[in-house]
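# Per-entry structural report
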Amino acid sequence: MSKIAFIYPGQGAQKAGMGADFYENSEIARYIFDQAGEELDLDMKELCFEENDRLDLTEYTQAAMVTTCLAMTRVAESKGLKADITAGLSLGESPAIAAAGGMNDMDATRLVRKRGILMQNTVPAGEGAMCAVISMAAEEIEKVIEPIADVSVANYNCPGQIVITGKTDAVEEAGARRTIMLNVSGPFHSQMLVPAGEKLAEELEHTRFHELRIPYVTNVTAEKVTDIRETPGLLTTQISSPVRWMQSMERMIADGVDTFVEIGPGRTLEGFLRKINRNVKVFHISQWEDVDKVCTELADSGKMMEEA
């Protein structure tokens, strides 16, 4: 049977103006943006809708992205679009869990706000780095970095695009050829972020989780999660462990997912999927007009839709 997945982008997809048209056109979206702003004591409209210097700072980016993705999701659901399973890349895992029913929207935004602050501040500026390795197989990269201390794989994004992370000097040594240094504020998804995960675990103890309505696929193992009791431990580990995005998509496809709806700004995940498996269908919701277009196309193709 055909299955639909909602997938959510990570940091780097953010852009000024994201979600503004949803805010203008939907009471549901307005509520989520306004409520998140009150909960976090941030001007979420200014942060997301206007050109500003804070949107690209990790401590603000993550909360802004999750708020935007969830506003778009709830609007799409109100139009009848439903998922069978969800997944999100790095910070995108938080809206994926919320969309799967495991957290309410405001708890997800509060949690990711704390996550962003911890990830930005745990390692002093300049001590860590990330680097995209181009046109090398994952196994080859793993072999190259194995003898180099303080460097590891951060992201398995898709064939030909692997990201490494760790101490700046080590990353520069490992990435001497066929690489692009990334403009990020820390060595995300490295062992240097273990203290951030430990502090996030304290926040997770005070976060209310709910039974999942549908499963989600975790970055940590690239396996389905059906028991919400696993989620706090996985989110703690996720900060310092590799993002197994390519493996996650392969797992979902093997489980019968043939339609993916990327929800959020940019088309990063669509690009990854095209390199992972060109046979699946990928839709995208980033603008207001996308919602009706995607719902209509899926209904016309015979995909199961629930009435709003």
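As the structure is a prediction and not an experimental result, all values here were calculated from the model.

Conventions used here
Residues numbered from 1 in each chain as written. Predicted model: local features only at pLDDT ≥ 70, side-chain atom pairs only at ≥ 80, totals over all residues. Heavy atoms only, no water. Core = buried A, V, L, I, M, F, W, Y, C linked by side-chain atoms within 4.5 Å. Buried < 20%, exposed > 50% of the residue type's maximum accessible area, 1.4 Å probe, protein only. Helix = DSSP H or I, 4+ residues; strand = E, 2+ residues; numbered from the N terminus. Phe/Tyr/Trp six-rings, centres within 6.5 Å; stacked < 30°, edge-to-face > 60°. Lys NZ or Arg CZ within 6 Å of the ring centre and 35° of its normal. Pairing = 2+ DSSP bridges. Right-handed = clockwise from strand over helix to strand, strands pointing away. Polar contact = N/O pair within 3.5 Å; in protein donor to acceptor, adjacent residues only side chain to side chain. Axes fitted to C-alpha atoms, helices over the stretch in contact; angles between N-to-C directions. Contact = heavy atoms within 4.5 Å. Salt bridge = Lys/Arg side-chain N within 4 Å of Asp/Glu carboxyl O.

As a further point, take the nonpolar core. Among the nonpolar cores identified, the biggest contains 73 residues, and Phe6, Met44, Leu81, Val261 and Ile285 are the most heavily contacted of them. In terms of residue count, helix 4 (residues 58-78) provides more of this core than any other element does, 11 residues in total. Counting 37 residues, the second largest nonpolar core, distinct from the first, contains Val133, Tyr156, Ile164 and Val171.

Before going further, it helps to examine the packing of aromatic side chains. Tallied over the full model, the rule gives 4 aromatic pairs. Ring centres of Tyr23 and Phe33 lie 6.1 Å apart, and the angle between their planes is 70 degrees; this geometry places the pair in the edge-to-face category. Residue Tyr23 is located in helix 1 (residues 20-25), and its partner Phe33 is located in helix 2 (residues 27-40); the two are separated by 10 residues in the primary sequence. The residues Tyr23 and Phe33 share a single accessibility class, namely buried. Members of the aromatic cluster, each reached through a chain of ring pairs, are Tyr23, Phe33 and Phe49. Just above the ring of Tyr60 sits the side chain of Arg54; from NZ or CZ to the centre is 4.8 Å.

Counting buried residues along strand 10 (residues 281-285), 4 of its 5 residues qualify, which places the element largely inside the surrounding structure. Pairing of strand 9 (residues 257-263) with strand 10 involves 5 bridges; the strand directions are parallel. By the bridge assignment for strand 10, Phe260 is matched with Val282. Regarding topology, helix 12 (residues 268-276) serves as the crossover connection from strand 9 to the parallel strand 10, and that connection is right-handed.

By secondary structure assignment, the location of His189 is in the loop between strand 6 (179-181) and helix 9 (194-204). Taking relative accessible area as the criterion, His189 reaches 3% and is therefore assigned buried. A polar contact is formed between the side chain of His189 and the backbone oxygen of Ser241, at a distance of 3.0 Å.

Here we take up the sheet that holds strand 4 (residues 151-158). The sheet built from 4 strands is open, its strands ordered 4-5-3-6 with antiparallel pairing. Strands with a single pairing partner mark the edges of an open sheet, and in this sheet they are strand 4 and strand 6. The sheet shows a mean angle of 25 degrees between the axes of neighbouring strands, direction not considered. With 6 bridges connecting them, strand 4 and strand 5 (residues 161-167) associate as antiparallel partners. By the bridge assignment for strand 5, Val151 is matched with Gly166. Sheet strands touched by helix 7 (residues 138-145): strand 3 (128-134), strand 4 and strand 5. Its angle to strand 4, the strand with the most contacts, is close to 170 degrees.

With that out of the way, let us pick up the pattern of salt bridges. Taken as a whole and assessed by the stated rule, the structure comprises 13 salt bridges. Several salt bridges share partner residues, and in doing so they unite Lys3, Lys224 and Asp255 into one network.

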